[in-house]
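Fold and geometry: a report
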Amino acid sequence: MIKLQMNKNKHSYILFLFLQCLLLLSCKNENAGLKVKGTLFSEMKSDKTGILFANNLKYDEKFNIYTYRNFYNGGGVAIGDINNDGLSDIYFSANMGPNKLYLNKGNFVFEDISATAGVEGTMTWSTGVTMTDVNADGFLDIYVCNSGDIIGERKQNELFINNGNGTFSEKAKEYGLDDKGYSTHAVFFDYDKDGDLDMYLLNNSYQAIGSFNLKIMSEMFVTLRVVISYSEMMAISLLMSVYKQAFTAPS
């Protein structure tokens, strides 16, 4: 009787391990086919909001993902109340066009004030953008990261200081934040707890993607994928073998 109980426990444990293994191997598909009833959000059309921003890209033989590693990294977006009216305003950074600042007028209606505010930017290929009160004057400022053009020029980051009257002044060099790397994003925080904001900047590599041997890297990836698939098959086969032996063993 005790031996029978031990066999049952053994079988249950092996079955548990088998099911856990299958769950882990198939976790990437666990949400496939699920349907959500209802939605948590409602889409606001651009003809209602007035937000017409689009980060459109154009490539050719000289300027593409192979010659410019940031080509598909995208732009950025920051949300904050730039005029302290209690409404959240939106700033979009563009890769191949002017950046845009939309003033929230209430009731999901926005006004494009980019040109009059002086925040469209003069550099090339803007990426991440952050809103924060850099000079602690009570108004949000805007810090824009730039990655420059294909030859590596015009990539200084820009800091737009809020003048408090709906306009901004670019002062990145004055504040020592005109970094010339291939910047992706920045975050401001008080690192040393002295009451002033410090900044951590994320930059991309200087090595162009065209300098990598993509053929060798592709072959390595395919080989790795085959090895992983083979390992998964062997693991399932082994577990099934152990499970079968456990249940067919004489009690």
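In short, a report on the structure. (Residues numbered from 1 in each chain as written. Predicted model: local features only at pLDDT ≥ 70, side-chain atom pairs only at ≥ 80, totals over all residues. Heavy atoms only, no water.)

Looking at the overall build of the chain
- A count of helical and extended segments in the chain gives 4 helices and 10 strands.
- What you see in the chain, going N to C, is helices and strands ordered as α-α-β-β-β-β-α-β-β-β-β-β-β-α.
- The proportion of buried residues among the 251 residues of the chain is 29%.
- For the chain, long-range pairs separated by at least 24 residues make up 48% of all intrachain contacts whose partners lie at least 6 apart in sequence.
- Summed over all atoms, the accessible surface of the chain reaches about 16,800 Å², with 60% contributed by carbon and sulfur. (Helix = DSSP H or I, 4+ residues; strand = E, 2+ residues; numbered from the N terminus. Buried < 20%, exposed > 50% of the residue type's maximum accessible area, 1.4 Å probe, protein only. Contact = heavy atoms within 4.5 Å. Areas by Shrake-Rupley, 256 points an atom, 1.4 Å probe, with all protein chains shown as cover.)

Quick word on unusual backbone geometry
- At N107, a position not held by glycine, the phi torsion is positive, near 55°.
- Topologically, N107 is positioned in the loop between β3 (100–106) and β4 (109–112).
- Owing to a relative accessible area of 60%, N107 belongs among the exposed residues under this scheme.
- Despite not being glycine, K193 has its phi angle at roughly 55°, a positive value.
- Structurally, K193 is set in the loop between β9 (182–189) and β10 (198–204).

A closer look at the sheet that holds strand β5 (residues 126–132)
- With respect to topology, 4 strands assemble into an open sheet ordered β5-β6-β7-β8, the strand pairing being antiparallel. The two strands at the open ends of the sheet, each matched to only one other strand, are β5 and β8 (168–170). Direction aside, neighbouring strands of the sheet carry axes that sit 20° apart on average. (Pairing = 2+ DSSP bridges. Axes fitted to C-alpha atoms, helices over the stretch in contact; angles between N-to-C directions.)

What about the nonpolar core?
- Ranked by internal contacts, the top residues of the largest apolar core, which has 14 residues, are Y91, L101, V119, I142 and F168.
- Secondary structure elements with two or more residues in this core: β3, β5 and β6 (141–146).
- Setting aside anything within four residues of it in sequence, one finds Y91 in contact with G76, V77, A78, N99, K100, L101, V119, V129, M131, I142, V144 and F160.
- One finds C145, I161, L177 and A186 within the second-largest nonpolar core, a separate group that totals 9 residues. (Core = buried A, V, L, I, M, F, W, Y, C linked by side-chain atoms within 4.5 Å.)

Re the sheet that holds strand β1 (residues 76–80)
- The 4 strands are arranged β1-β2-β3-β4 in an open sheet whose pairing can be described as antiparallel. In this open sheet, the two edge strands, each paired with only one partner strand, are β1 and β4. Across the sheet, the axes of successive neighbouring strands diverge by a mean angle of 25°, strand direction being ignored.
- Of the pairings in the sheet, the one linking β1 to strand β2 (residues 89–93) comprises 5 bridges and is antiparallel in character. Bridge pairing in β2 places A78 opposite Y91.

Observations concerning the environment of T167
- Inspection of the secondary structure assignment puts T167 in the loop between β7 (158–162) and β8.
- The spacing of T167 and I113 is 54 residues in sequence and 9.1 Å in space, taken between C-alpha atoms.
- Apart from the residues within four sequence positions on either side, T167 is in contact with T116, A117, I161 and N162.
- Of the polar contacts made by the side chain of T167, one reaches the side chain of N165; its length is 2.6 Å. (Polar contact = N/O pair within 3.5 Å; in protein donor to acceptor, adjacent residues only side chain to side chain.)

Re the pairing of β6
- Among the 6 residues of β6, 6 are classified as buried, and the element is accordingly described as predominantly covered.
- Neither face of β6 is open: one carries D141, Y143 and C145, the other I142, V144 and N146, and all of them are buried.
- Sheet topology places β5 next to β6; 5 bridges connect them, and they run antiparallel. Note that in β6 the partner of S126 across the bridge is N146.
- Judged from the 3 bridges that link them, β6 and β7 form a sheet pairing that is antiparallel. Residue V144 lies in a different strand from β7, and its bridge partner there is E158.

Geometric values such as these leave the question of function open.
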